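Coordinate analysis (summary)
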Amino acid sequence: MTLIKNARPPKAITPNAVALAILSLAIGGFGIGTTEFAMMGLLPDVAEGVGVSVPEAGHVISAYALGVVVGAPVLVAIGAKMPRKALALGLMALFTVGNLLSVLAQDYTTLLITRFIAGLPHGAFFGVAAVLAASLVAPTKRGRAISMVMMGLSVANVLGVPLATFVGQQFGWRWLFVMVGAIGVITMICMAMFVPHQKAHPDASLRNELSALRRGQVWLTLLVGVVGFGGFFAVYTYVANTMTDVAGFASDFLPVIVGLYGLGMVAGNYVGGRLADWSVMGSIYTMMAFIAAVLMIYSLTVHIQWLALVMIFVIGASGAMLVPSLQTRLLDVSPGAPTLASSLNHSALNMANALGAFVGGLVITWGWGFTAPAMVGAALAVLGLAIALLSGLLDKVGAKAHKDN
């Protein structure tokens, strides 16, 4: 049993206060999701603005992702002894500064650096926010609390990304970072007002947080995220080409398709929180199998337009349904070091993004067509399920050995 799992919400905190605290954290997730995904739609504008090619401008997105991977363990380890509210505020301040510095970037190199800085607090913030949210509710509602924090990321794909893309195209790409910087400031104000202060745990230390990295179950759970979500991103990375070249939609219809995907994420995130509260490992098994089936069906039916639209919604929902369970699982398998393990989930998801884009691009280069990434994605989801089953089996073996002793 972990520290978070045993935690009880403080008696002085009313349900309304809990809701406001979680909403404050979710606003931060909204800002993070907006800056991460809106860059993809504004890439040609960014390339022209700093005088590089579009492929070179794509490295700006990679710089942000690298910041996420590096920042999660480093910043959480540095802030191990800090009260979690103070750490969350500091991380959001760094995120805000990184985005506002991007507004001022006058050349390609400077923009790369500022995007790396903006990415550093991404995973750490979600990790700390998940621990904060879980500590405010009863153990049976942890999944729902975490899913509500992650809802900000999902809603960003429906509202924040389209709005930021429109504003960036109309008034200049730098306005994306102005908007996100403003969201960061609003987040800090809301967190300062509504997130309750929590003293640092007396046993919290850099050594204890890093102890999570010695736990095999932490690495297995992260591997489920990397491999399982690799299949998910293998499809989403090339969704525009698949929808136009295979399904036959006009490029002007792509915003509607992306919007359906975002709506699927919102719905999936809501359901995923409840599944996590039902059974963490049971929901991981179920969702990995479901993702494999969904991606295979997508590959076989995407040429039928109405089915393609249904499946893009379901793909968005299936991926989002898995995240709360993975996040909760990491809390369970990292006693004494939940913040670092929870933060690493977002490093794993960014690695999944890179893996999926690479593998999906590889099979397209081999001439297998734009439906091939979905087939490869289904295979990766099956592999993710196998890793999850191994993790669950090790749990049972460990529990039996403990009982026998």
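Right above here is the structure, for reference.
Notes on the structure in this doc start here.

Attention now moves to the overall build of the protein chain. A count of helices and strands for the protein chain gives 16 helices and zero strands. In terms of principal-axis extent, the alpha carbons of the protein chain reach across some 60 × 45 × 35 Å. Of all 405 residues assigned to the protein chain, the portion counted as buried reaches 55%. Considering only intrachain contacts with a sequence separation of at least 6, the fraction spanning at least 24 residues in the protein chain is 85%. Of the accessible surface of the protein chain, which amounts to about 16,500 Å², a share of 72% is contributed by carbon and sulfur atoms. Charge separation in the protein chain, taken as the distance between the mean sites of 20 positive and 13 negative side-chain charges, equals 20 Å.

Estimated volume of the largest pocket: approximately 1,000 Å³. Lining the largest pocket are 35 residues; nearest its centre among them are Phe37, Met40, Gly41, Tyr236 and Thr237. Secondary structure elements with two or more residues in the lining of the largest pocket: helix H2 (15-41), helix H4 (54-78), helix H7 (142-171), helix H10 (216-236), helix H11 (239-246), helix H12 (254-278) and helix H15 (338-365). Empty space within the second largest pocket amounts to approximately 320 Å³. Lining the second largest pocket we find 14 residues, and of these Pro15, Val18, Ile22, Val137 and Lys141 sit closest to its centre. If you list the elements that add at least two residues to the lining of the second largest pocket, you get H2, H7 and H12. Among the elements that take part in the lining of the second largest pocket, H2 stands out by supplying four residues, more than any other. Here the residues of the lining of the second largest pocket sort into 11 nonpolar, no polar and three charged.

Next up on the list: helix H14 (residues 305-332). Counted at 1.5 Å a residue, the expected span for H14 with its 28 residues is 40 Å, and the 42 Å between its end C-alpha atoms agrees. Counted residue by residue, H14 has 20 buried out of 28 residues, so it is predominantly covered.

Packing of H2 against helix H8 (residues 174-194) brings their axes to within 9 Å, and their N-to-C directions diverge by 165°. Of the possible angle classes, the one that applies to H2 and H8 is roughly antiparallel. Remark: the crossing between H2 and H8 carries left-handed chirality. Looking at side-chain class alone, the contact of H2 with H8 contains 15 nonpolar, six polar and no charged residues.

This next bit is on the nonpolar core. In a soluble, globular protein the nonpolar side chains are often hidden away together inside. Residues Phe125, Phe229, Met243, Ile284 and Tyr298 are the most contacted members of the largest nonpolar core, which totals 119 residues. Per-element accounting of this core gives the leading share, 14 residues, to helix H6 (residues 108-135). If we ignore the near neighbours within four places in the chain, the residues touching Tyr298 are Val235, Val239, Thr242, Met243, Met311, Ile312, Ile315 and Ala374.

A few words on H12. With 25 residues, H12 ought to run about 36 Å at 1.5 Å a step, and its terminal C-alpha atoms sit 36 Å apart, in line with that. Looking at H12, one finds that the buried residues are Leu254, Ile257, Tyr261, Gly262, Gly264, Met265, Gly268, Asn269, Gly272, Gly273 and Ala276. The elements touched by buried residues of H12 are H7, H10, H11, helix H13 (280-301) and H14.

Where nonpolar side chains cluster on the molecular surface, the patch consists of Leu20, Leu23, Val185, Ile189, Met193 and Phe194 and spans about 530 Å² of accessible area. Among the elements of the structure, H2 and H8 are those that each provide at least two residues to the nonpolar patch. Counting residues per element, the nonpolar patch draws most heavily on H8, which supplies four residues. On the secondary structure map, Phe194 appears in helix H8. A relative accessible area of 31% means that Phe194 is categorised as partly exposed.

For the structure on display, the rule yields six aromatic pairs. The lysine or arginine in question, Arg274, covers the ring of Tyr270, its NZ or CZ lying 4.0 Å from the ring centre.

For Asn269, the location among the structural elements is in helix H12. The class for Asn269 is buried, based on a relative accessible area of 2%. Excluding residues that lie within four positions of it along the chain, Asn269 makes contacts with Ser147, Met148, Met150, Met151, Ser154, Ala320, Met321 and Pro324.

Rules behind the numbers
Residues numbered from 1 in each chain as written. Predicted model: local features only at pLDDT ≥ 70, side-chain atom pairs only at ≥ 80, totals over all residues. Heavy atoms only, no water. Helix = DSSP H or I, 4+ residues; strand = E, 2+ residues; numbered from the N terminus. Buried < 20%, exposed > 50% of the residue type's maximum accessible area, 1.4 Å probe, protein only. Contact = heavy atoms within 4.5 Å. Areas by Shrake-Rupley, 256 points an atom, 1.4 Å probe, with all protein chains shown as cover. Lys, Arg positive; Asp, Glu negative; His and termini not counted. Charge placed at Lys NZ, Arg CZ, Asp CG, Glu CD. 1 Å grid on protein atoms, 1.4 Å probe; cavity = no way out; pocket = protein on both sides within 12 Å on 5 of 7 lines; lining within 4 Å. Points joined across faces, edges and corners; volume = space filled by probe spheres on them. Nonpolar A, V, L, I, M, F, W, Y, C, P; charged D, E, K, R; others polar. Expected span 1.5 Å × (residues − 1). Axes fitted to C-alpha atoms, helices over the stretch in contact; angles between N-to-C directions. Parallel < 35°, antiparallel > 145°, perpendicular 65-115°, else oblique. Left-handed = near helix turned anticlockwise from the far one by under 90°. Core = buried A, V, L, I, M, F, W, Y, C linked by side-chain atoms within 4.5 Å. Patch = residues over 30% accessible without salt bridge, like charges linked within 9 Å, V, L, I, M, F, W, Y side chains within 5 Å. Salt bridge = Lys/Arg side-chain N within 4 Å of Asp/Glu carboxyl O. Phe/Tyr/Trp six-rings, centres within 6.5 Å; stacked < 30°, edge-to-face > 60°. Lys NZ or Arg CZ within 6 Å of the ring centre and 35° of its normal.

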